[in-house]
Amino acid sequence: MNDPVVIVGAGLSGLRAASLLTAHGINCKILEARDRTGGRILTAADPNKPDLGKFDLGPTWFWPQYESTIANLVKELNVETFVQYTKGAMLSERFPNEPPERYELPENSGPISIRFRGGVQSLVDAVAYTIPPGIVELETRVTAIRLDKAGAIRVEAVLADGKRKNVSASAVILALPPRIVARHIEFSPALPPALMVDLVNKPTWMAGQAKAVAIYDRPFWRESGLSGFVSSRVGPLQEIHDASPEAGSGALFGFFGIPAKMRRELGKDKVSKLVIDQLVRLFGNSAQNVSAVLYKDWSRDSETAVEEDFDPLRDFPSYGQPPTAGVWEKKIIFAGTETNSQYGGHLEGALQSAEQAVFEIINLNNKPV
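The model shown is predicted, which means the values in this text are computed figures rather than measured ones.

Caption draft 1: Spatial organisation of the sheet that holds strand β1 (residues 5–8). An order of β10-β2-β1-β14-β21 is seen for the 5 strands of this open sheet, with the pairing classed as parallel. The sheet is open, and its two borders are formed by β10 (136–137) and β21 (332–334), each paired with just one other strand. In this structure, strand β2 (residues 28–31) lies alongside β10, joined through 2 bridges in parallel fashion. Directly across from Leu-31, in β10, lies its bridge partner Glu-137. Where helix α1 (residues 12–23) meets the sheet, it contacts β1, β2, β10 and β14 (171–174), and its direction lies at approximately 165° from that of β2.

Caption draft 2: Representation of the pattern of salt bridges. Under the counting rule described, the total for this entry stands at 22 salt bridges. Between Glu-246 and Arg-117 there is a salt bridge, and its shortest N-O distance comes to 2.6 Å. Placement of the pair is Glu-246 in the loop between β18 (237–242) and β19 (250–256) and Arg-117 in the loop between β9 (114–116) and α3 (121–129), with a sequence separation of 129 residues. Linking Glu-156 and Arg-154 is a salt bridge whose minimum nitrogen-to-oxygen distance equals 2.6 Å. Residue Glu-156 is classed as buried on the basis of its relative accessible area of 15%. Note on Arg-154: relative accessible area 35%, which makes it partly exposed. Among the charged side chains, a salt-bridge network with shared partners connects Arg-146, Arg-154, Glu-156 and Glu-186.

Conventions adopted
- Residues numbered from 1 in each chain as written.
- Predicted model: local features only at pLDDT ≥ 70, side-chain atom pairs only at ≥ 80, totals over all residues.
- Heavy atoms only, no water.
- Pairing = 2+ DSSP bridges.
- Helix = DSSP H or I, 4+ residues; strand = E, 2+ residues; numbered from the N terminus.
- Contact = heavy atoms within 4.5 Å.
- Axes fitted to C-alpha atoms, helices over the stretch in contact; angles between N-to-C directions.
- Salt bridge = Lys/Arg side-chain N within 4 Å of Asp/Glu carboxyl O.
- Buried < 20%, exposed > 50% of the residue type's maximum accessible area, 1.4 Å probe, protein only.

If you want it as structure tokens, here you go:
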């Protein structure tokens, strides 16, 4: 096979696919629109106090007792992890102008969540390290994929400087949210209508959400016997967890109950103030002594969300592989967490989808697994 397998997207799924392909001696190339790897995995620090640690603005944890693919990969790559802090009581905020209710949860009442030292970016970096140099091309936005009558595939992309680039491909792995594929990539010939409908109807996981992380010098709530876990009907955060590193500084992160359009109208500064006000209500005046509030609104990330994603999800989406692609069958292969039926929305789903995509590529080339 002379032309490479072109992988569109350098998130966890795309990177893992490239790692597996190169391990099998299959030539590949990753084209990524962003200026970084990781996709919806995003780890950040307080720019003024980076020593306080790194915090996740995308996915945060995994569950090894259920998710063997990521558990095995973490072990294989020697990525350091620790157990999510859950000791102490939870708070429930049910009504405005009423103090939160405190509940002592039974020990081991839920599955053990595992986090990464240095954030989930440490997993991304470890996978990327297994890929030979020159395979990942950042700031390379794929705009079209064309199939000629002879069966040759041409991938068209635009670079950061506006220049255009064409790449010949033996096959294409689309490791992107399905709606991004449907809205931002032109296919010639066009994808079958049933496939397009399937792609558009697969909500991008977390695309309508935003995440805030409040960073403190220490996890002061633990001194009051609190776990940091909160359920709130008042908001703006509807679910809060301890986001502290294994030792040292403290942090609380939360998901929003207010919809994307309202967050846009309020703006980042107002939203951040509302977050601090809520944390003070819940945890007392110590919550005012915040070092920084990190905020990522994924609905405003054009590489993640389309307009259909702005409406909050009411139910867990039905994820899985899109239907066969007509003339594109065996030419394009879908990967990414939304294409995994069992673990869609999880890091596990992203990894399993990468393994499935590589399995299909190997079968196409009659190479033994």
